[in-house]
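Residue-level listing of the chains:
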Amino acid sequence: MLQKLRLRGSGGTSGSNSDQGWSEWIPPFPWLWPRETITNPQISQQQAIYNQIANLTVRFSDLSPLGQKSPAVKNKLDSVMERLDRLCSEEDNDGPWDENEHERREKLFDTLRLIGDDGNVLYNRINARDYKECQDDIQAVSAMADDIRDAVIDYQMAQQRAIYDMDCRLIVRPDLSVLNSCRRAHGAGHQHGDRKGCLRGTRETVLNEIESWARDFNKPPVSWLNGLAGTGKSTIAKTVSEQVFADGLLGASFFCSRDFEDRSDLHLIFPTLAFQLAHKYPAFRSVLVPLLRSNPDIVYESLMNQMEEMMVKPLKSADVWTVVVIDALDECKDEEPQSAILSVLGRFVERIPKVKFFITGRPEPRIKDGFRLPLLVDSTDVFVLHDVQRSLINSDIRLFLRHELSEIARRHRVEGWPRDEHIDVLCDRAGGLFVYAVATVRFLDTRIHPPERRLEAIVNLPECTAHEGRTRFNPGSKTTLDILYTSILKTAFSEDEEDPEVDSKVRSTIGAVVLVVNPLPPPAIAELMSLDSREVTRFLTLLQSLLAFDEGSDQPVKPFHKSFPDFITDSSRCTDARFWISPKILHLELAMNCLRTMNDGLEQNLLSLPDYALNSEVKGLETRINDRISDALRHLTKTEGNATCVKFLAWLEVVSVLGAVSGAVAGLDQVIGWLQEVSGNDEVLDTARDYSHFVRTFSEPISASATHIYHSALKLSPLSSIVRKRYYCQRYSSSPRVIVGLRESWEQGIIVPSKGRCLSCTWSPCGQFIATQSREAVEIRDSLSLELLSTLKLTKPTPDKVMSLLAYSTDGRLIASLCGTSLVIWDIQTGGVAKETDCGGTWNRSLVWSLDGSTIGIVGTKGQWSSTYVVYIYNVASGATHSPGALKSGREPHLWAYGTSFRVMVARWSWAETQTIDIFEVGSILIKIESFRIRSLGEFLSIKSFSQTTHCIFSSITNLVVMDIRDSRYLLKEEGSFLFHCLSSDGSFFAAANMGNVCIWKYTPDGYVRWREFSTQDYTNRLQFSPTSSSLSGYTGGVLKLWRLDGPPTDVHRDSSDQVAILSRCGSYVVVSHKGGSAVTIINLPSQTPPCVIDTGMAIRKLALAGNILLVLGSNSIAAWRLTGEGMVDGALPGGRAGRGDTIWAIPVQSSRSDLFVQDQTAVIQEEKKDIHAYHTETGEVLELVQLSPHRRRRGWGVTSSEYHLCKCGWGTPSIGGGLLSRYTLREGWAKDLEGKRVLWLPVEWRSSRNIASPPYDSTVVWLELLGNRSTWIVVIKLS
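Every value quoted in this text rests on a predicted model; they were computed, and no experiment measured them.

K.L.:
Could you give an account of the environment of Thr 1081, naming the residues involved and the relevant values?
P.N.:
Locating Thr 1081 in the fold gives a position in strand 39 (residues 1079-1084). On the basis of relative accessible area, Thr 1081 is assigned to the partly exposed category, the value being 25%. Setting aside residues up to four positions removed in sequence, Thr 1081 forms contacts with Val 1070, Val 1071, Val 1072, Pro 1090, Cys 1092 and Val 1093.

K.L.:
Describe in detail unusual backbone geometry, supporting the description with residues and values.
P.N.:
Cis geometry is adopted by the peptide bond preceding Pro 418, which originates at Trp 417 and carries an omega value of 5°. In this fold, Pro 418 is placed in the loop between helix 16 (390-412) and helix 17 (420-430). Positive phi, close to 50°, is recorded for Asn 605, a residue that is not glycine. Mapped onto the fold, Asn 605 is located in the loop between helix 25 (583-601) and helix 26 (621-628). With relative accessibility at 11%, the residue Asn 605 sits in the buried group.

K.L.:
Explain the nonpolar core to me, and be specific about the residues and the numbers.
P.N.:
In terms of nonpolar packing, the biggest core is built from 91 residues, with Ile 236, Leu 401, Tyr 485, Ile 510, Phe 564 and Ile 568 touching the most fellow members. Ranked by residues supplied to this core, first place goes to helix 18 (residues 434-444) with eight residues.

K.L.:
Outline a nonpolar patch on the surface, listing residues and values.
P.N.:
Side chains of Leu 588, Met 592 and Trp 674 sit close together on the surface and give an oily, nonpolar patch of about 280 Å² of accessible area. On the secondary structure map, Leu 588 appears in helix 25. With a relative accessible area of 40%, Leu 588 lands in the partly exposed category.

K.L.:
Please provide a residue-by-residue account of the sheet that holds strand 34 (residues 1020-1025), values included.
P.N.:
Read across the sheet, four strands follow the order 9-36-35-34 without closing on themselves; strand pairing throughout is antiparallel. Of all strands in the sheet, those bounded by a partner on one side alone are strand 9 (749-752) and strand 34. Each strand axis lies, on average, 30° off the axis of its neighbour in the sheet, ignoring direction. Examined bridge by bridge, strand 9 and strand 36 (residues 1039-1044) share four bridges and lie antiparallel to one another. Counted as the bridge partner of Val 752 is Leu 1040 from strand 36.

K.L.:
I'd like to hear about the packing of aromatic side chains, residue by residue, with values.
P.N.:
Taken as a whole and assessed by the stated rule, the structure comprises 23 aromatic pairs. Aromatic side chains Tyr 485 and Phe 564 sit 5.6 Å apart centroid to centroid with 80° between the ring planes, which places their arrangement in the edge-to-face category. With Tyr 485 in helix 20 (residues 480-492) and Phe 564 in helix 24 (residues 563-568), this pair connects stretches of sequence that are 79 residues apart. For the pair Tyr 485 and Phe 564, one class covers both residues: buried. Ring plane angle 10° and centroid distance 3.8 Å describe the contact between Phe 648 and Tyr 691, whose orientation is recorded as stacked. In this pair, Phe 648 sits in helix 28 (residues 648-657) while Tyr 691 sits in helix 30 (residues 682-697), placing the two residues 43 residues apart along the sequence. Exposure remark for Phe 648: the relative accessible area of 0% places this residue in the buried category. The rings of Phe 648, Trp 651, Tyr 691, Phe 694, Phe 698, Trp 746 and Trp 1241 are connected pair by pair, giving a single aromatic cluster. One Lys or Arg, Arg 724, reaches over the ring of Tyr 728 and ends 4.2 Å from the middle of that ring.

K.L.:
Can you lay out the pattern of salt bridges for me, pointing to particular residues and giving the numbers?
P.N.:
One pass over the full model with this rule turns up 36 salt bridges. Of the charged contacts, one joins Arg 183 and Asp 265 as a salt bridge, the two residues approaching to 3.5 Å between their closest N and O atoms. Pair noted here: Arg 183 is in the loop between helix 7 (173-180) and helix 8 (204-215) and Asp 265 is in the loop between strand 2 (250-255) and helix 10 (269-280), with a separation of 82 residues, a long-range link. Its relative accessible area of 22% is what places Asp 265 among the partly exposed residues. Between Arg 398 and Asp 424 there is a salt bridge; the shortest N-O distance is 2.4 Å. Placement of the pair is Arg 398 in helix 16 and Asp 424 in helix 17, with a sequence separation of 26 residues. Take Arg 398: its relative accessible area is 29%, and that puts it in the partly exposed class.

K.L.:
Talk me through the packing of helix 22 (residues 522-529) against helix 25; I want residue IDs and the actual numbers.
P.N.:
One way to put it is that helix 22 packs onto helix 25 with a least axis distance of 8 Å and a crossing angle of 90°. Looking at the two axes, helix 22 sits roughly perpendicular to helix 25. Together, Glu 527, Leu 528 and Met 529 of helix 22 and Leu 586, Glu 589, Leu 590, Asn 593, Cys 594, Arg 596 and Thr 597 of helix 25 make up the contact between the two elements. Residue composition of the contact of helix 22 with helix 25, by class: five nonpolar, two polar and three charged.

K.L.:
Can you lay out the pairing of strand 36 for me, pointing to particular residues and giving the numbers?
P.N.:
With six of six residues buried, strand 36 is to be regarded as a mostly interior element. Here strand 36 shows two buried faces, one formed by Val 1039, Lys 1041 and Trp 1043 and the other by Leu 1040, Leu 1042 and Arg 1044. Alignment of strand 35 (residues 1031-1036) against strand 36, held across six bridges, turns out to be antiparallel. Pairing of Tyr 1035 across the sheet is with Leu 1040, part of strand 36. The loop that links strand 35 with its antiparallel partner strand 36 comprises two residues; one of these, Gly 1037, has a positive phi angle of about 60°.

K.L.:
Which residues make up the sheet that holds strand 5 (residues 380-384), and what values go with them?
P.N.:
Ordered by their spatial adjacency, five strands build an open sheet running 2-3-4-1-5, and the pairing between neighbours is parallel. Two strands in the sheet have a free side with no partner beyond their single neighbour: strand 2 and strand 5. Neighbour-to-neighbour, the strand axes of the sheet open up by a mean angle of 15°, direction not taken into account. Note that strand 1 (residues 222-226) and strand 5 share five bridges and pair parallel. Within strand 5, the position partnered with Ser 223 by the bridge is Asp 381. Here helix 8 sits on the sheet in contact with strand 1, strand 3 (322-327), strand 4 (355-361) and strand 5, set at roughly 150° to strand 4.

K.L.:
Give a detailed account of the confidence of the model for the chain, specifying residues and quantitative values.
P.N.:
With 77% of its residues at a pLDDT of at least 70, the chain reaches an overall mean of 76. Contacts for the low-pLDDT stretch residues 91-96, under 50 throughout, to residues beyond four places or in other chains number seven contacts.

K.L.:
How would you explain the pairing of strand 11 (residues 769-773) if you had to name every residue and give the values?
P.N.:
Extensive coverage of strand 11 is indicated by the burial of four of its five residues. Strand direction decides the pairing type here: strand 10 (residues 760-763) and strand 11, joined by four bridges, are antiparallel. Directly across from Trp 763, in strand 11, lies its bridge partner Ile 770. Hairpin connection of strand 10 to strand 11: five residues between the antiparallel strands, including Gly 767 at a positive phi of 80°.

K.L.:
So what about helix 30? Which residues, and what values?
P.N.:
Taking 1.5 Å per residue, 16 residues should reach 22 Å; helix 30 reaches 22 Å between its end C-alpha atoms and fits that length. Buried within helix 30 are the following residues: Leu 685, Thr 687, Ala 688, Arg 689, Asp 690, Tyr 691, Ser 692, Phe 694, Val 695 and Arg 696.

K.L.:
Which residues make up helix 28, and what values do they have?
P.N.:
Most of helix 28 is tucked away, with ten of its ten residues classed as buried. Burial in helix 28 covers these residues: Phe 648, Leu 649, Ala 650, Trp 651, Leu 652, Glu 653, Val 654, Val 655, Ser 656 and Val 657. Once helix 28 finishes, Gly 659 follows within two positions and takes phi at roughly 65°, a positive value.

Parameters at a glance
- In this convention, every chain numbers its residues from 1, walking through the sequence in written order.
- Side-chain atom pairs in this predicted model are given and counted only at pLDDT of 80 or more, local residue features only at pLDDT of at least 70, and totals for whole chains, interfaces and linings cover all residues.
- Side-chain numbers come from the whole structure's heavy atoms, not from hydrogens or water.
- Secondary structure follows DSSP: runs of H or I at least 4 residues long count as helices, runs of E at least 2 residues long count as strands, and numbering of each begins at the N terminus.
- When accessible area is computed with a 1.4 Å probe and restricted to protein chains, residues below 20% of their type maximum are described as buried, those above 50% as exposed, and intermediate ones as partly exposed.
- Throughout, a residue-residue contact means that at least one pair of heavy atoms, one from each residue, lies within 4.5 Å.
- Remark: nonpolar core denotes a set of buried residues (Ala, Val, Leu, Ile, Met, Phe, Trp, Tyr, Cys) joined through side-chain atoms within 4.5 Å.
- Think of a patch as exposed residues, more than 30% relative accessible area, with no salt bridge, where like charges cluster within 9 Å and nonpolar side chains (Val, Leu, Ile, Met, Phe, Trp, Tyr) cluster within 5 Å.
- The Shrake-Rupley method, run with a 1.4 Å probe sphere, supplies the accessible areas, and residue values consider only the shown protein chains as cover.
- Whenever Lys or Arg places a side-chain nitrogen within 4 Å of a carboxyl oxygen from Asp or Glu, that contact is recorded as a salt bridge.
- In this analysis, strands are considered paired if DSSP registers two or more bridges between them.
- Every axis corresponds to a line fitted to the C-alpha atoms, with the helix fit spanning only the stretch in contact, and the corresponding angles, defined between N-to-C directions, vary from 0 to 180 degrees.
- Centres within 6.5 Å are what make two rings of Phe, Tyr or Trp a pair, Trp counting through its six-membered ring; a difference in plane orientation under 30 degrees is then read as stacked, over 60 as edge-to-face, and the rest as tilted.
- Placement of a positive charge over a ring is assigned whenever Lys NZ or Arg CZ falls within 6 Å of the ring centre and within 35 degrees of the normal to the ring plane.
- For classification, angles of less than 35 degrees are called roughly parallel, those exceeding 145 degrees roughly antiparallel, those between 65 and 115 degrees roughly perpendicular, and all remaining angles oblique.
- The classification used treats Ala, Val, Leu, Ile, Met, Phe, Trp, Tyr, Cys and Pro as nonpolar, Asp, Glu, Lys and Arg as charged, and all other residues, Gly among them, as polar.
- The predictor's confidence in any single residue is recorded as pLDDT, a number from 0 to 100.
- To estimate how far a helix should reach, multiply one less than its number of residues by 1.5 Å.

Below is the structure:
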């Protein structure tokens, strides 16, 4: 088009204002002239204006004086012509159209007409003069080109916004609901907030180069704008985003910020970008929405999965040309040695060639190393901002300062200011940093103080030793920025120099701005810091040059640049004690103020939520949150210091609706740690621990529903819980009420959540993370809060790949898993599969990384019962696998890392009194390096040892021994069947498990002494200490549990899972006892009091109710008592005192393992492997004797007679008639009624239940008898 314009313009008269040579040209601009609304005269007029501008631009570009004097201006004119060319070459004949298009077009052409009139005058003047005399006019030409470009960009941006709004309105409501429910960062797009672009005429070299890269899809798909702090990267990113948006190419943008928690979260970048792309491109949306419907938890999965599923696949399907902008990537929280986002991007960027990524960031090591990755280095175009020619940067800074200071002078009516020497000094002081220039302008731009006086103060500041733009901050060297910040602070508070109280308030105000998790508005700062709002406003007004604050506005206040928090919290840079912020002291002050604010501002059911409703089901929840939860209260969900809050549950309500439960867990842990160090108040510490137990145990219902804090969490908390004692008498102490089945105290083990059946786990080397594996995925969680951080999936999951072993590499960057015979290695920071190969045997027993992380050792067998163990060594770098040999043993060998290789220990098979233990060095072959003998421990021997110690565990079915193999000294001898055990990495702790207990021993110079004991419901296997020995993990009862070891020792916990409970047919009382105990307690449900307690005088095996007859089966007899309607027994002591009561009959039984079953008025007893007896429940009269055949006696199955049907009645089978699911049912961990209302959340260990029953004649009483793998939990709930 540009060449076409030049040819058509060649016939024009130089300097003429006519349209000669252009009269027949009509730009292909079809969407610009809709005939339904625009008349022909209007079309002709606007076409003439466009022709005039195009002709004028070409003629200016061809002026020889201009080209010789200023090639940059000529290039700018060419760039403007290209933008005009793109504007008029639109191919969409229908085009975007709305009711405001006419107005936008009129505004564009009115502006172009004025520019064209002035441009013709300017052209005639330049063309008539010698090029040596036209220096002043060159700037005018440059300004004219900027005016044309700005007018076109403004029009394009308004048009693109109209297109975007139109596309958003076309999204159907179900799809919009799915998108809005997607977890993402809010306010991260380029159009949000108060971000400003580049001043016109500045950074042109950079912007032109980036614009050229963005439009040329033959150039590398990634561009990195590399710049030091304060060099203007974000400002450039804002301008680039606007220009690309105007061209219709911007797909999405994410402006990272450490000031906001969500905008600094790496795992929210891809979901946020996908959310924006889905609104812009319908084809993209058609792929993303079904994905979110089928897998809403994709936002919690690894970055690799997020990128592939939420970005790559939809973009490939949409097949669009687009640009994605990510600004300030260095401000995201990323502890990896190489940027996780860049590592993922390198894997996929070649698969989406039509997508370009513009990324800005400081040259921090992890960012630089990320762009140097082999997969990304050839696909990246790097622009080093701080290496731009200093004269160009100074010219831009000079232009910025002159423009901004001239505006200040105009507003203050100051003439002859600033002087050129002032500008020169400021440019020199800036050292190439735009942040210095911006801070200076903000400092001068005040309504109170004369700007010329403040400028003199800055100009007269002492020189510094270094410029930030050329060197990093060094301790002891003050930069120009430090001196400027110090001067601004001293000037702002010069009147309060002798007032320590004011200084303290100033530090509190600044601290609340720079240390809070998310920025707060002035009223919230005043409320949080217990300051007068007028004082806070005054302080913030005085600091306007350092903070993003508009006086009279309630917008959040934040530092105007990230360099200010770095300065104010560094005592080596901020040397004035009046202003230095100590993070430790200010965090403590914030914590104390948080407690006060919580107690003053919180109340129960603050949002008036309906009972039993999930947060996601509450209509208008966001509006209620905005109306009733202040900014200060929102901040409290992110802070510590809440452990002693009187309104703890009300605070949890706010935590629940804001989705901050994981942060609450971490905050409570920090409080506990702090209290252990500084507090001597055991009561406060116990309260904090109880609060932590409460949130951890019930994090699932708390996250799902604020009301179920009371309906479920409070109702299911143990009887001795401080939370229960403190809050149970309040409003929600009504139904549902758990009458029977509550634990006495908190269960010591914390259940680790898992989306599938947990098969194994491993700790990261630092101990901060714990990884669990299910059949097809690995979940990585925070070891304190148990928050899901990442999900790692196989690239091609197959049913036969069942993971069995899991191990972290020594540097924590990789994680390996044995999936059947396949070894899979994941990259933690990207979540992608780094290696996958066939390795190991069919049945693998050990998976160990070498200490240098270069190899992986595996021990496996070819069959499940094979006694030949093969050692495999896998080289991570080359992918090669070799086997140094096999070991023949009836016992499983133990493999551990040693130096750069491995060692393996194995016991020889022998029936002798001593056992021989061999140790092999694993190299190219297995080399025996040591043998020793120990006394035989019994039938079976297993071995365990660790590289950092020489302690070895030897166990059999009946004995457990820990020995130091250096001197054959026994460190522990324990009798018992401890089949599962482990040592801590440093040998300081030893753990072993038997049926029902996990015992921990602590190492002393005399050996291991028993230290702690935890009770469990089952055998606990796969025991493993955390690297810091602060926690122990183990698999028990179908779930993975963690036991915390950093608290004080506690007594062995015995729960009441062996309860026997029966609900009366009238639903007015429940009969409770313990298996093996002798007492029967009868609880009246309306009053929840025990009217009587019966001492049966025998070890109870089973209870049964037949009408109002209570039957108790003991070890050698069966007895019957008659109950009244309220549960009293004749002859029993009232008031819950234990008494014998009057039995109506008692009959001895011959076997201690008899079984009892009741049907109507018949009690049936089947003695072990003997006949069945039937008795009348009222009289004890023998009704029938059923003789079983020898076959049936052996099996113990029931029989069917003409009188009644008998079935096998196992322990815990409900004895209530009616359907098992008569009113309530289990769905996804919730007990629901027939209306679908979730009345009770059920703990994980209850979800394997198979029995729920309720009397059909009393719908207000619900019986849940929940059967686990080996345990029975019995819960009786009464609804008011």
